[in-house]
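Structure at a glance
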Amino acid sequence: MKLNSLNIFKKILDDEKSNFVKNNKKKIVKSSKNTIFPVNDLVNTIDTPFVILDKNYKVNFANYAAKKQFSVDKDINIFSIFRRPEFKENIMKKKSKRKSNEFIYEFFESQGSKFFNIKTYILRNNFLLLSFMDISRLKKLENLRSDFVGNVSHELKTPLNTIINIIELIKNQKNLSLKERKKFMSIFEKETYKMKSIIEDLLDLTKIETDLEKKISNIINLNKIILSSVDILKKKANKNNIKIKIQKTKKFNILGDANQLQQMFVNILDNSIKYADKNSTVNIYLKNVNNKTVLIFKDKGPGIPNSLIPRITERFYRVPQKKIQNIEGTGLGLAIVKHIVIRHKAKINITSKVGEGSLIEIIFNKSHATRLNL
Ligand code: ADP
């Protein structure tokens, strides 16, 4: 590390300055007081891995983060660690032109792969400095965003295409009978409501996401919210011949957001009513378990295969079951529930048996619940 170490350090600081200063403020201040600049110590405290290669691409120096992340050590040939051809190509290409470079590399490790933005700097004597910025989180978000846009477009396109096809049909048909007109109108109604539901659910989801960090400070009577949620869905339950039974319970108060809690209960209960067997009963329990307030919705219906339970809180995911495929839904209801659960620092447990029914538990943690029980 004797080789122009201060130059190297300056370059690293240029790139990593904000990160470094943020993480090592105390150490820098201390160093300047002592007027000693412990370069080796400092570079080892940088979270970003970096290595210096000699002209034969052997590791001349690796900071602690690089050693930990890639198991590199002095004198190891860097290409024995980064084996994929594009790594070598990128390094060689720019070095031959004596230009610094930047590229993205996927590094495979046992727990999955990580993405790094690798910057190369040409140093004196044909030495090379490589810094590795971990951009895995960014990549993941990018993928999520593009999946999300793809899903939204697909979900909106399906009802839109149905509407367009019917418009074409009407255009080419001179005389529409009353029966046909009614049939087309009801399809228009169904498809436009579908689009409206998707858009409303997406707006709700976005709002809940932006409110995620907002403090919750209202004391909410859970019993009241359950009653008002049941009230909202009473008509639908009657139409589907479903009974809703709230088991007798004492009063429970929690710290919460009343609108969001109601939205959560309505979404869960709406599913129970939609998917449950006709003439069955949906039971609601509110109880204290191990000092935690637990709200349970239990229905008798098609259930959800065990392997798919983790997926049903994903946006747009709907269980591909024949029995329920004609039941309307956006696949966003439980994604909204999940976010409201997170905001309330609660937990959601879903257990289900195919052909028997589902049980959804919302567990409010102690500090949000029992402390306030009156
Ligand atoms: P949807 O609008 O499709 O109901 P949700 O996000 O609320 O979307 O639920 C996701 C999927 O989980 C549903 O499409 C359904 O397949 C399954 N599901 C949710 N609740 C139940 C339930 N009580 N019984 C059976 N399946 C359910």
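Attention here is on the structure that accompanies the text. The structure displayed is predicted, hence computed values, not measured ones.

Rules used throughout
- Residues numbered from 1 in each chain as written.
- Predicted model: local features only at pLDDT ≥ 70, side-chain atom pairs only at ≥ 80, totals over all residues.
- Heavy atoms only, no water.
- Near = heavy atom within 4 Å.
- Polar contact = N/O pair within 3.5 Å; in protein donor to acceptor, adjacent residues only side chain to side chain.
- Areas by Shrake-Rupley, 256 points an atom, 1.4 Å probe, with all protein chains shown as cover.
- 1 Å grid on protein atoms, 1.4 Å probe; cavity = no way out; pocket = protein on both sides within 12 Å on 5 of 7 lines; lining within 4 Å.
- Sits in = over half its atoms within 2 Å of the grid points.
- Helix = DSSP H or I, 4+ residues; strand = E, 2+ residues; numbered from the N terminus.
- Pairing = 2+ DSSP bridges.
- Axes fitted to C-alpha atoms, helices over the stretch in contact; angles between N-to-C directions.
- Left-handed = near helix turned anticlockwise from the far one by under 90°.
- Contact = heavy atoms within 4.5 Å.
- Nonpolar A, V, L, I, M, F, W, Y, C, P; charged D, E, K, R; others polar.
- Core = buried A, V, L, I, M, F, W, Y, C linked by side-chain atoms within 4.5 Å.
- Buried < 20%, exposed > 50% of the residue type's maximum accessible area, 1.4 Å probe, protein only.

A word on the site of the ligand. In the neighbourhood of the ligand, 18 residues make up the surrounding shell, with Asn271, Tyr275, Arg318, Thr330 and Leu334 lying closest. Lys274 places a side-chain nitrogen or oxygen 2.9 Å from an oxygen atom of the ligand. Residue Leu334 places a main-chain N or O atom 2.8 Å away from an oxygen atom belonging to the ligand. Coverage of the ligand by the protein amounts to 98% of the 530 Å² it exposes when considered alone. Judged by the fraction of its atoms near the pocket grid, the ligand is located in the largest pocket. Listed by contribution, the elements that provide at least two residues to the shell around the ligand are helix H8 (258–275) and helix H9 (333–343). A total of 3 residues in the shell around the ligand trace back to one element, the largest contributor, which is H8.

Attention now goes to the sheet that holds strand S7 (residues 243–246). Strands belonging to one sheet form pairs held by backbone hydrogen bonds; the direction of such a pair is parallel or antiparallel. Strand order in the open sheet formed by 5 strands is S7-S9-S10-S12-S11, and the pairing between neighbours is mixed. The outermost strands of the open sheet, each flanked by one partner alone, are S7 and strand S11 (347–353). Between one strand axis and the next, the sheet turns through 15° on average, direction left out of account. Alignment of S11 against strand S12 (residues 357–364), held across 7 bridges, turns out to be antiparallel. Note that in S12 the partner of Ile348 across the bridge is Ile362.

The packing of two helices is summarised by the inter-axis angle and the distance between the axes. Contact geometry for H8 and H9: axes closest at 9 Å, N-to-C directions at 145°. Note that H8 runs across H9; the crossing there is left-handed. For the pair formed by H8 and H9, the contact residues are Gln260, Leu261, Gln263, Met264, Asn267, Ile268 and Asn271 on the first element and Gly333, Leu334, Ile336, Val337, Ile340, Val341 and Arg343 on the second. Partitioning the contact of H8 with H9 into residue classes produces 8 nonpolar, 5 polar and 1 charged.

Of all hydrophobic cores here, the largest spans 47 residues; its most connected members are Leu261, Met264 and Phe265. Mapped by element, the contributors of at least two residues to this core are helix H6 (178–211), helix H7 (222–239), H8, strand S9 (281–289), strand S10 (292–300), H9 and S12. Take this core: its biggest share by element is 7 residues, from H8. One finds Val72, Phe87, Ile91 and Leu128 within the second-largest nonpolar core, a separate group that totals 23 residues.

These figures capture arrangement, not role.
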